[in-house]
Amino acid sequence: MSILVNKSTRIVVQGITGSAGSFHAKQCMEYGSQIVAGSTPGRGGTMFEGKVPVFNTLSHAVRETNANTSMIFVPPPGAADAILEAFDAGVALVVCITEGIPVSDMLRVRRVLDTLKGKTRLIGPNCPGIITPGECKIGIMPGHIHKTGNIGVVSRSGTLTYEAVGQLTSLGVGQSTCIGIGGDPVAGMDFVDVLELFQADPNTHGVIMIGEIGGGAEARGADYIKAHMTKPVAGFIAGATAPAGKRMGHAGAIISGGGDTAAAKIKKLESCGIRVAPTPSDMASTLMAMMKK
Amino acid sequence: MKIHEYQGKQVFARYGVPIPKGYPAFTVAEAGAAATKLAAETGSSVVVVKAQIHAGGRGKGGGVKVAKGGAKEAEELATRILGMQLVTHQTGPAGQKVKRLYIEQGLEIERELYLAALVDRDSRRIAFMASTEGGMEIEKVAAETPEKILTVFVDPIVGLSPFQSRQLAYSLGLEKHGKETVAGFAKLCASLYEMFVKEDCSMVEINPLIVTKQGGVMALDAKVTFDDNAEFRHPEWAALVDEAEEDAVELEAKAAGLNYVSLDGNVGCLVNGAGLAMATMDIIKHVGEKHGVAPANFLDVGGGANEEQVTKAFSMILKSPKVRAIFVNIFGGIMKCDVIANGVVAAAKNLGLKVPVIVRLEGTNVELGRKILNDSGLRIEAATTMFDGASKIVKAVGGAQ
Ligand SMILES: Nc1ncnc2c1ncn2[C@@H]1O[C@H](COP(=O)(O)OP(=O)(O)O)[C@@H](O)[C@H]1O
Ligand SMILES: [Mg+2]
């Protein structure tokens, strides 16, 4: 068991003929993910890697192949439109990897997403994607560092997710599902949305939640954990050394008020029963210490 | 991306956000000429000489001065302000050198208000915030008297509705100044919203927004920040960049496709991914703080950097005389460890490393990467974990003292 994606997830790749799209589509196929279609306007009727049909429109691809999940590699100028196309095609899950989408485009995407009332979920943009180890990898994460198991990982940062996964695996602890929700200020699934699913998943026994400076998503996640979660959650917040007003790589990683510094977030998490790792090297061991009890 | 007040006001003018008359000036002579021109246009010899830097608080710092006596006095003020090192609460203690001025018509102010539009990530809407406390720092108002701020949230599909502008207007008590003032404010808000969306702003702050003695509303200040992600559809932004306002190293990094922020410490960091880069800084400080060891920079080489970019990143770190050791921390996903290792070795050979380098590699092709480093014959120390790397860094900096 896992959340959102598994062996039977049928994936269509938007932007499959681009350099990033084709490279990662191949990597996902090698991992064992079921890539059933691709879509690139103007390239309909061709075959990707000799076996995956490419369509001009996403709705056509979904109609022909019963794809239920889309992975997006469309470059920023067309990425928001690609997400809207995925909503229109009615897939259950959209995973947008693209980095650098203008925030005003995402405001409109998010507005449409909210009208779908959960019929379609969005992960990202500007994220590594989602993986259920041994079953399905949708995104750009290195598959080989994962191991099947019972820990859920949710993070705003890509490489910091790999760091947590690497630590778990080296302790011999596997993962149920790992999700990077992305570093943009306006995006799809939030910590709360993912935590709800982990809480409901009988195969997830504990969770690592990795946040960073900027915004209120971690605090909302912490409130949810306090009110609803029975499973242990360990956390880490990156950016304790980041100066206020400087954007740290991610468009969302900038301290704007007083409540979104690392120190304020750590305090909030701890007050809600989340044990916060003292350094990024201790994410897995912090969770394991909680689970032993 | 930030722009100057006078540039922001030029954008305001294009969208019909009312502003006082004014002209930019780069020299004392230009300042005098602008004052003369303004006097002829407005019939008043009162002008304001305003330092143009990418920071607020210029008034309190002595960068905004009124000249009542026409061109000659404007020139005197310009002489004083041009070239001064202007320190405000937003510049840091070093301040910012003033190289540009804005000469503006001096207005008779009835009231100073505050108006801002920004992307509010928690509501996922553009928010308009208004406050009666013009001239004050909004953070301070928000902390001390939050009841004095009214915020409305704009549905991106509907746009800013007139009723929302009216809510803001009445919360500011604008009806006291007459119906025209309320209407003028509503029109200003509508223009500002149109500008915000079309120009891909991430924040526009008007502090103060004034009511004039005549009951008109006007933007007296303009702090405009654009959304960097939208650069691809705004080629005109390139002309608005003022390189004197940017950190030279950060500009160089941007041109090379790297993400770099200068900090005050002594350990250079080269990391892939923004989150891991922040976490690397954090662990260096965590382990090193009591030994005087701290990060000298944030540097994210991104997910798909090539060997040249790694070399470039290295040379940029080495440019800083503060750097006493370098921590390379890579969790290779798309970015393969052997590529990083080759970049590190090439940089070390070309640039001649004079400081210790600690490398922590993990992920795709990690064995190959480690072998390349080992076989290089260079004094590069390997670390197993981030903690191990940070500990070795602290030792190395201590040893180099
Ligand atoms: N054109 C003007 N006419 C009259 N007073 C002005 C004018 N421009 C600025 N001021 C005064 O100077 C103050 C500071 O100017 P402002 O542009 O807000 O700079 P800053 O926010 O950097 O201090 C304003 O609050 C206002 O009182
Ligand atoms: Mg001001």
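So, how was this worked out
Each chain carries its own residue numbering, running from 1 in the written order of its sequence. Lettering for chains starts from A, numbering for ligands starts from 1, and both go in the order in which the items are written. Given that this is a predicted model, residues contribute local features only at a pLDDT of at least 70 and side-chain atom pairs are listed and counted only at 80 or more, while totals for whole chains, interfaces and linings are drawn from all residues. To get the side-chain values, take all heavy atoms of the structure and skip hydrogens and water. Secondary structure is summarised from DSSP: a helix means a run of H or I of at least four residues, a strand means a run of E of at least two, and numbering begins at the N terminus for each. Under the scheme applied here, a residue whose accessible area is under 20% of the maximum for its type counts as buried, over 50% as exposed, and between as partly exposed, the area being computed with a 1.4 Å probe on protein chains only. Residues count as neighbours in contact if any of their non-hydrogen atoms are within 4.5 Å of one another. A side-chain nitrogen of Lys or Arg and a carboxyl oxygen of Asp or Glu constitute a salt bridge if their distance falls within 4 Å. In this listing, donors mean N, O and S atoms no farther than 2.8 Å from the metal, or 3.2 Å for Na, K and Ca; water is missing from the atoms, so a site can look incomplete. Take the accessible area each of two parts loses on contact, using a 1.4 Å probe, and add the two losses: that sum is the buried area. At least two DSSP bridges between two strands are needed for those strands to be called paired. Helix axes are fitted only over the stretch in contact, all axes being lines through C-alpha atoms; the angle between N-to-C directions runs from 0 to 180 degrees. A single heavy atom is enough: if one lies within 4 Å of a molecule or strand, its residue is considered near that molecule or strand. Residues adjacent in sequence count toward polar contacts only when both atoms are side-chain atoms; beyond that, a polar contact is any pair of N or O atoms within 3.5 Å, and within protein one must be able to donate a hydrogen and the other to accept it. Here the accessible surface of atoms and residues is derived via Shrake-Rupley with a 1.4 Å probe, and residues count as covered only by protein chains that are part of the display. Classes in brief: Ala, Val, Leu, Ile, Met, Phe, Trp, Tyr, Cys and Pro nonpolar; Asp, Glu, Lys and Arg charged; the others, Gly included, polar. To define a nonpolar core, start from buried Ala, Val, Leu, Ile, Met, Phe, Trp, Tyr and Cys residues and group those joined through side-chain atoms within 4.5 Å. An automatic or database domain assignment supplies the residue ranges for each domain. When the centres of two rings from Phe, Tyr and Trp lie within 6.5 Å, Trp using its six-membered ring, the rings pair. Their planes under 30 degrees apart give stacked, over 60 give edge-to-face, and anything left gives tilted.

**What about the overall build of chain B?**
Part 1 of the reasoning: Scanning chain B for helices and strands turns up 13 helices and 18 strands.
Part 2 of the reasoning: Dimensions of chain B, computed from the C-alpha atoms along their principal axes, are close to 80 × 50 × 40 Å.
Part 3 of the reasoning: Looking at chain B as a whole, 54% of its 401 residues are labelled buried.
Part 4 of the reasoning: Of the contacts formed within chain B by residues at least 6 apart in sequence, a portion of 68% connects residues at least 24 apart.

**Focus: the pattern of salt bridges**
Part 1 of the reasoning: One pass over the structure, following the stated rule, counts 33 salt bridges over all chains.
Part 2 of the reasoning: Of the charged contacts in the structure, one is a salt bridge between Arg 156 of chain A and Glu 212 of chain A, with a shortest N-O distance of 3.7 Å. Linking Arg 156 of chain A in the loop between strand 10 (148-155) and helix 5 (158-170) with Glu 212 of chain A in strand 12 (residues 206-212), this pair joins segments that are 56 residues apart in sequence.
Part 3 of the reasoning: Residue Glu 212 of chain A is classed as buried on the basis of its relative accessible area, which comes to 1%.
Part 4 of the reasoning: When the shortest N-O distance is used, the salt bridge between Lys 254 of chain B and Glu 231 of chain B registers 3.5 Å. On the criterion of sequence distance, the pair formed by Lys 254 of chain B in helix 8 (residues 248-255) and Glu 231 of chain B in the loop between strand 12 (223-226) and helix 8 is long-range, its members being 23 residues apart.
Part 5 of the reasoning: When salt bridges with common partners are traced through the structure, they connect Glu 5, Lys 9, Lys 50, Arg 58, Glu 104 and Asp 221 of chain B into a single cluster.

**Quick look at the coordination of the magnesium ion (ligand 2)**
Angles at a metal have ideal values that depend on geometry: 109.5 degrees with four tetrahedral donors, 90 or 180 degrees with six octahedral donors.
All names here are of chain B.
Part 1 of the reasoning: Those protein atoms acting as donors to the magnesium ion (ligand 2) are Asn 207 (O) and Asp 221 (OD), and they sit at 2.1 to 2.2 Å. Of this pair, Asn 207 sits in strand 10 (residues 201-212) while Asp 221 sits in the loop between strand 11 (217-219) and strand 12, and the two are 14 residues apart along the sequence. Both residues of the pair, Asn 207 and Asp 221, belong to the buried class.

**Things to note about the interface of chain A and chain B**
Part 1 of the reasoning: The partner chain B presents 44 residues to the 57 residues of chain A that form the contact.
Part 2 of the reasoning: Summed over both partners, the interface of chain A with chain B buries about 4,000 Å², with 61% contributed by carbon and sulfur atoms.
Part 3 of the reasoning: The largest share of the area that chain A buries against chain B comes from Leu 107, Arg 111 and Thr 241 of chain A, three residues that together contribute 16% of it.
Part 4 of the reasoning: Inspection of the region where chain A meets chain B yields five salt bridges.

**Observations concerning the sheet that holds strand 2 (residues 47-51) of chain B**
Residue and element names in this part refer to chain B.
Part 1 of the reasoning: The antiparallel open sheet is built from four strands, whose spatial order is 1-6-2-3. This sheet does not close on itself; its edge strands, each paired only once, are strand 1 (22-25) and strand 3 (64-67). Each strand of the sheet is rotated relative to its neighbour by a mean of 20°, with strand direction disregarded.
Part 2 of the reasoning: With four bridges connecting them, strand 1 and strand 6 (residues 101-105) associate as antiparallel partners. What sits directly across from Ala 25, in strand 6, is Leu 101.
Part 3 of the reasoning: Where helix 4 (residues 70-81) meets the sheet, its contacts fall on strand 2, strand 3 and strand 6, and the angle it forms with strand 3 comes to roughly 160°.

**Things to note about helix 1 (residues 5-15) of chain B**
Residues and elements named next belong to chain B.
Part 1 of the reasoning: Most of helix 1 sits out of view: eight of its eleven residues are buried.
Part 2 of the reasoning: Taken residue by residue, helix 1 has Glu 5, Tyr 6, Gln 7, Gly 8, Lys 9, Val 11, Phe 12 and Tyr 15 as its buried positions.
Part 3 of the reasoning: Taken from the residues just after helix 1, Gly 16 is the one with a positive phi, measuring 85°.

**Describing the site of ligand 1**
Residue and element names in this part refer to chain B.
Part 1 of the reasoning: In the vicinity of ligand 1, 17 residues are found, and the nearest of them are Lys 50, Arg 58, Gly 59, Glu 104 and Glu 112.
Part 2 of the reasoning: Here Gln 105 contributes a backbone N or O atom positioned 2.9 Å from a nitrogen atom of ligand 1.
Part 3 of the reasoning: Within the backbone of Leu 107, one N or O atom sits 3.0 Å away from a nitrogen atom of ligand 1.
Part 4 of the reasoning: With the chains in place, 82% of the 540 Å² that ligand 1 exposes on its own is no longer accessible.
Part 5 of the reasoning: For the shell around ligand 1, the elements supplying multiple residues, two or more each, are strand 2, helix 3 (58-61), strand 6, strand 7 (109-120) and strand 10.
Part 6 of the reasoning: Looking at the shell around ligand 1, its residues break down into six nonpolar, six polar and five charged.

**Thoughts on the nonpolar core**
Part 1 of the reasoning: Judged by nonpolar contacts, the single largest core of 99 residues is most densely connected at Ile 35, Met 71 and Ile 208 of chain A.
Part 2 of the reasoning: Examining the composition of this core, we find that nine residues originate from one element, helix 9 (residues 274-288) of chain B, more than from any other.
Part 3 of the reasoning: When residues are assigned to domains, this core turns out to be shared by domain 1 (10-123) and domain 2 (141-291) of chain A, each giving three or more.
Part 4 of the reasoning: Setting aside its immediate chain neighbours within four residues, Met 71 of chain A contacts Ile 11, Val 12, Val 13, Gln 14, Ala 25, Cys 28, Ile 35, Val 95, Ile 97, Ile 138 and Gly 139 of chain A.
Part 5 of the reasoning: Within the second largest apolar cluster, 70 residues are counted, among which are Val 109 of chain A together with Val 11, Ala 169 and Ala 219 of chain B.

**A short note on the packing of aromatic side chains**
All names here are of chain B.
Part 1 of the reasoning: This structure, assessed with the given rule, holds four aromatic pairs over all chains.
Part 2 of the reasoning: Aromatic pair Tyr 6 and Tyr 102: ring centres 6.3 Å apart, planes at 25°, arrangement stacked. Remark: Tyr 102 occurs in strand 6 and Tyr 6 occurs in helix 1; sequence separation between them is 96 residues. Each member of the pair, Tyr 6 as well as Tyr 102, carries the same accessibility label: buried.

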